[in-house]
Amino acid sequence: MGNKIAAIWLLIGLSACGTTNQQVVANLQSVDNPVLAKNVILMIGDGMGLGQITAGMYANGNHLNLERFPIVGLQKTYSYNNLITDSAASATAIACGVKTYNAAIGVNKDTVPVQSILEEAEIKGLKTGLIATSTIVHATPAAFISHQPMRSMYEFIAQDLLDSGIDLFIGGGYKFFNEQRHDEKSLIPKLERKGFTVSSLTHEELEDVNLANTKKLAYFTSNDSPIPEATGRDYLPKASIIAANFLNSHKKQGFFLMIEGSQIDWGGHANDTKYITSEVIDFDKAIGKMLDFAKKDKETLVIITADHETGGFAINPKSRMDSIQGAFTSSYHTGTMVPVFAYGPGSELFSGIYENTDIYHKMRKALGFDRAPVVSQ
Ligand SMILES: [Zn+2]
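Residues numbered from 1 in each chain as written. Predicted model: local features only at pLDDT ≥ 70, side-chain atom pairs only at ≥ 80, totals over all residues. Heavy atoms only, no water.

Novice: What should I look at first to understand the overall build of the chain in this one?
Specialist: Helix and strand counts for the chain come out as 12 helices and 14 strands. By the burial criterion, 55% of the 377 residues in the chain qualify as buried. When the accessible surface of the chain is summed, it comes to about 16,200 Å², and 54% of that surface belongs to carbon and sulfur atoms. (Helix = DSSP H or I, 4+ residues; strand = E, 2+ residues; numbered from the N terminus. Buried < 20%, exposed > 50% of the residue type's maximum accessible area, 1.4 Å probe, protein only. Areas by Shrake-Rupley, 256 points an atom, 1.4 Å probe, with all protein chains shown as cover.)

Okay, here's the thing in structure tokens:
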């Protein structure tokens, strides 16, 4: 009741200032009934805690594109069986909305497959895509498209990717798809039969792809894991633009795209400050491109988060902006909350403190997937 009275006074006050009642009502109702997003771009910085973001920002001249986001929240990363999550359990939480055991890919605590938001998007007619700077069968992208009891089952995850309805994927791990597989059976001819244009160039820079006659795109950026940004990898921002434009080419349908900055985590595991900052800055360049796309498009929700923090990374005394003295409490992940940034329709859902599984529910709500279908009389 108190809220209603406050709302009425707000209406009166703002009407007097020239703001329309309709606008105020829309704002007041926005969290319960958000303006729907047509497209969602979810970007996960693996192992990107607040320390990593801060170090990347200072190392980049005290600036990141992340500062352009109006909505900031925090998410709790623990998994079903461990306060310290691994990437598989946290990616499954974000992709499928369930807390599961560490190492699980798209399955619940009882190893039962759970539909991901990407798979639901496919069913609802949206275009879908995955990009990573690890192999494309690594835990984070895998949880959106695969259902396996253990994250290390890379060749099974590759088969799941083949059997899915995904429209685009870009990342490393060609060896899990070609005749280097243990069964020596290449999946590439099958990918091509499904309508994929397959590029297996192992160049670290993404070559231009002629998308005009491309129905689906599979781009392998390396045979195994891609190299770090600091040693020449330079495809993430470009791949993000290619993917957003490609998936948006059927404008009526909308799309769901997940982009992972995979190697921020590897810098944390290596306790290597420069590895962390160079990977954060590279990921942030891709963030800037996607934010520019969303600002122009006006129907795209962009969400940036991490799956967990890695390294217990801190910026120690004697640091300067151009010389971060990083310190670490661990060579593994930690249990600290990680930030969430959001822009676009539905972004207001992402402020506050919540579980990692809530990101799944908030994305569904923003896309209108939680609404019952309208039955015409
Ligand atoms: Zn991770």
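What follows continues from the structure just given.
Novice: What is the right way to read helix α11 (residues 273–297) from this model?
Specialist: An α-helical turn contains 3.6 residues, so any two residues separated by three or four positions project in the same direction. When the terminal C-alpha atoms of α11 are compared, their 36 Å separation across 25 residues agrees well with the 36 Å that a helix rising 1.5 Å per residue should span. The buried fraction of α11 is high, at 19 of 25 residues. The opening residue of α11, the one whose side-chain oxygen lies 3.2 Å from the backbone nitrogen of lysine 274, is aspartate 272. One or two steps after α11, the chain reaches lysine 298, where phi turns positive at roughly 70°. (Expected span 1.5 Å × (residues − 1). Polar contact = N/O pair within 3.5 Å; in protein donor to acceptor, adjacent residues only side chain to side chain.)

Novice: Please explain the coordination of the zinc ion as it appears in this structure.
Specialist: Note on metal sites: the ideal angle is 109.5 degrees for four tetrahedral donors, and 90 or 180 degrees for six octahedral donors. Here the zinc ion is held by Asp46 (OD), Asp46 (OD), Ser87 (OG), Asp307 (OD) and His308 (NE2), and the distances to it run 1.8 to 2.7 Å. Binding-site remark: the zinc ion is held by donors from one chain whose sequence spacing is D-x40-S-x219-D-H. Taken together, the residues aspartate 46 in the loop between β1 (39–45) and α3 (50–59) and histidine 308 in the loop between β8 (300–306) and β9 (309–310) connect sequence positions 262 residues apart. On the basis of relative accessible area, histidine 308 is assigned to the buried category, the value being 0%. (Donors = N, O, S within 2.8 Å, 3.2 Å for Na, K, Ca; no water.)

Novice: How should the packing of α3 against α11 be read in this particular structure?
Specialist: Axes are the key here: two packed helices are described by the angle between their axes and the distance separating the axes. It is at 8 Å that the axes of α3 and α11 come closest, and there the two elements cross at 80°. Overall, the two elements α3 and α11 adopt an arrangement that is roughly perpendicular. Along the contact surface, α3 presents Gln52, Ile53, Ala55, Gly56 and Ala59, while α11 presents Ile276, Thr277, Val280 and Ile281. Broken down by class, the residue content of the contact of α3 with α11 amounts to six nonpolar, three polar and no charged. (Axes fitted to C-alpha atoms, helices over the stretch in contact; angles between N-to-C directions. Parallel < 35°, antiparallel > 145°, perpendicular 65-115°, else oblique. Contact = heavy atoms within 4.5 Å. Nonpolar A, V, L, I, M, F, W, Y, C, P; charged D, E, K, R; others polar.)

Novice: Where do I start with the sheet that holds strand β5 (residues 196–199) in this structure?
Specialist: Through backbone hydrogen bonds, the strands of a sheet pair up, either in parallel or in antiparallel fashion. The strand order across the open sheet built from 10 strands is β5-β6-β4-β3-β7-β1-β8-β13-β2-β14, with neighbouring strands paired in mixed fashion. Either end of the sheet is taken by a strand with one partner, and the two such strands are β5 and β14 (352–355). Shown here is a sheet whose adjacent strand axes are inclined to one another by a mean of 15°, direction ignored. Across seven bridges, the pairing between β1 and β8 is parallel. If you follow methionine 43 over to β8, its bridge partner there is isoleucine 304. (Pairing = 2+ DSSP bridges.)

Novice: Sorry, what's going on with the side chain of serine 146 here?
Specialist: On the secondary structure map, serine 146 appears in the loop between α6 (139–142) and α7 (154–163). By relative accessible area, serine 146 is classed as buried at 0%. Among the polar contacts made by the side chain of serine 146, one reaches the side chain of aspartate 160 at a distance of 2.6 Å. Apart from residues no more than four positions distant in its own chain, serine 146 is found in contact with Ile105, Gly106, Ile157 and Asp160.

Novice: Is there a simple way to think about the pairing of strand β13 (residues 338–343) in this case?
Specialist: The side chains of a regular strand alternate between both faces of the sheet. Within β13, six of the six residues are buried, leaving the element largely enclosed by the surrounding structure. Note that strand β2 (residues 71–76) and β13 share five bridges and pair antiparallel. The residue bridging glycine 73 from the neighbouring strand is valine 340, located in β13.

Novice: I'm lost on unusual backbone geometry in this one. Help?
Specialist: Peptide bonds are, in most cases, trans, and in most cases residues other than glycine have a negative phi. The phi torsion at asparagine 62 lies on the positive side, around 65°, for a residue other than glycine. Among the structural elements, asparagine 62 can be located in the loop between α3 and β2. Positive phi, close to 50°, is recorded for asparagine 271, a residue that is not glycine. Counting through the fold element by element, asparagine 271 comes out in the loop between α10 (264–269) and α11. Under the relative-accessibility criterion, asparagine 271 is labelled partly exposed at 34%.

Novice: Would you mind going over the nonpolar core with me for this structure?
Specialist: Nonpolar side chains tend toward joint burial in soluble globular proteins. Membership of the largest hydrophobic core comes to 54 residues, with the highest contact counts inside it found for Phe144, Phe169, Phe177 and Phe350. Residue contributions to this core peak at five residues, all from helix α12 (residues 356–367). Among all residues touching phenylalanine 177, those that are not within four sequence positions of it are Ile136, Val137, Ala158, Leu161, Phe169, Ser186, Leu187, Ile188, Leu191 and Phe220. Leu217, Tyr219, Val338 and Phe341 belong to the second largest nonpolar core, which has 43 residues in total. (Core = buried A, V, L, I, M, F, W, Y, C linked by side-chain atoms within 4.5 Å.)

In short, shape yes, function no, at least from these values alone.
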